[in-house]
Amino acid sequence: MFYAAEAEHNPIIPIWQEIVVGLVAFAILCFVLMKLVFPRMEETFRARVDAIEGGIKRAEEAQAEANRLLQQYKEQLAEARTEAARIRDEARADATGIREDILAKAREESDRIIAAGRDALQTERQTIVRQLRAEVGSLAVDLAGRIVGESLEEEARRRGTVERFLREIGDADAAGAAGRR
């Protein structure tokens, strides 16, 4: 019976020789894959991982550098703004100083011109007063001569009557002006 079963083949149970050949072929295939293909695939995966991680690392380094440069630029900008504000304040202070100097010089010049004008007016006044005194004196002598009928010019000159009279008038005017002040 057993021999009869061997002659007849059961389709569910494979033939043992085929199983052995399949196992040997599978073992050879596994050996080739493990020795040749898997190491190359592992190298490729490692290279990809390194490239990705290196890219990420380089990107992080570039980001850190960009942040550092941004911070540096912000500091420089703040420093430039501070410097500009300082220069602006100095310019305002200089402008104020220059303005005050110009105003002081203008006041001094104005005071000098006013003083010169006053001196010129005083000198002119004294000149006019002298001329008027001389003219009033000669008119008074002429008038007195007409009234008396004689020429009094020589006698008036001799005695200095007219100058004395005018001096007395001038002293009285000066005393009155001093009393008004």
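Residues numbered from 1 in each chain as written. Predicted model: local features only at pLDDT ≥ 70, side-chain atom pairs only at ≥ 80, totals over all residues. Heavy atoms only, no water.

On to the overall build of the chain. For the chain, the count of helices and strands is 4 helices and 0 strands. In sequence order, the chain lays out its α and β elements as α-α-α-α. When each of the 181 residues of the chain is scored for burial, the buried share is 5%. Carbon and sulfur atoms provide 60% of the accessible area of the chain, an area that totals close to 16,400 Å². (Helix = DSSP H or I, 4+ residues; strand = E, 2+ residues; numbered from the N terminus. Buried < 20%, exposed > 50% of the residue type's maximum accessible area, 1.4 Å probe, protein only. Areas by Shrake-Rupley, 256 points an atom, 1.4 Å probe, with all protein chains shown as cover.)

On to the pattern of salt bridges, then. One pass over the structure, following the stated rule, counts 5 salt bridges. Among the ionic pairs, Glu-65 bridges to Arg-68, the shortest N-O distance being 2.3 Å. In this pair, Glu-65 and Arg-68 are both assigned in helix α2 (residues 16-148), 3 residues apart and thus about one turn of the helix distant. Shared partners join several salt bridges into a network, and the residues in it are Glu-83, Arg-86 and Glu-90. (Salt bridge = Lys/Arg side-chain N within 4 Å of Asp/Glu carboxyl O.)

A separate point is the UniProt feature "coiled-coil region" (unreviewed entry) in the chain. In this structure's numbering, the residues bearing the UniProt feature "coiled-coil region" (unreviewed entry) are residues 52-90. The span residues 52-90 is 100% helical and 0% strand by assignment, and the distance between its end C-alpha atoms comes to 56 Å. (UniProt positions renumbered as here; feature names shortened; annotations may be inferred.)

Here we take up the UniProt feature "transmembrane region" (unreviewed entry) in the chain. According to UniProt, the positions carrying the feature "transmembrane region" (unreviewed entry) are residues 19-38. As annotated, residues 19-38 comprises 100% helix and 0% strand, and the C-alpha atoms at either end are separated by 26 Å.

This next bit is on α2. Taking 1.5 Å as the rise per residue, α2 with 133 residues should run 198 Å; its terminal C-alpha atoms sit 189 Å apart, in good agreement. Within α2, the axis deviates most sharply at Met-34, by approximately 40°. If you check which residues of α2 are buried, you get Gly-54, Gly-137, Val-141 and Gly-145. (Expected span 1.5 Å × (residues − 1). Bend = angle between axes of the 7 residues up to and from the residue.)

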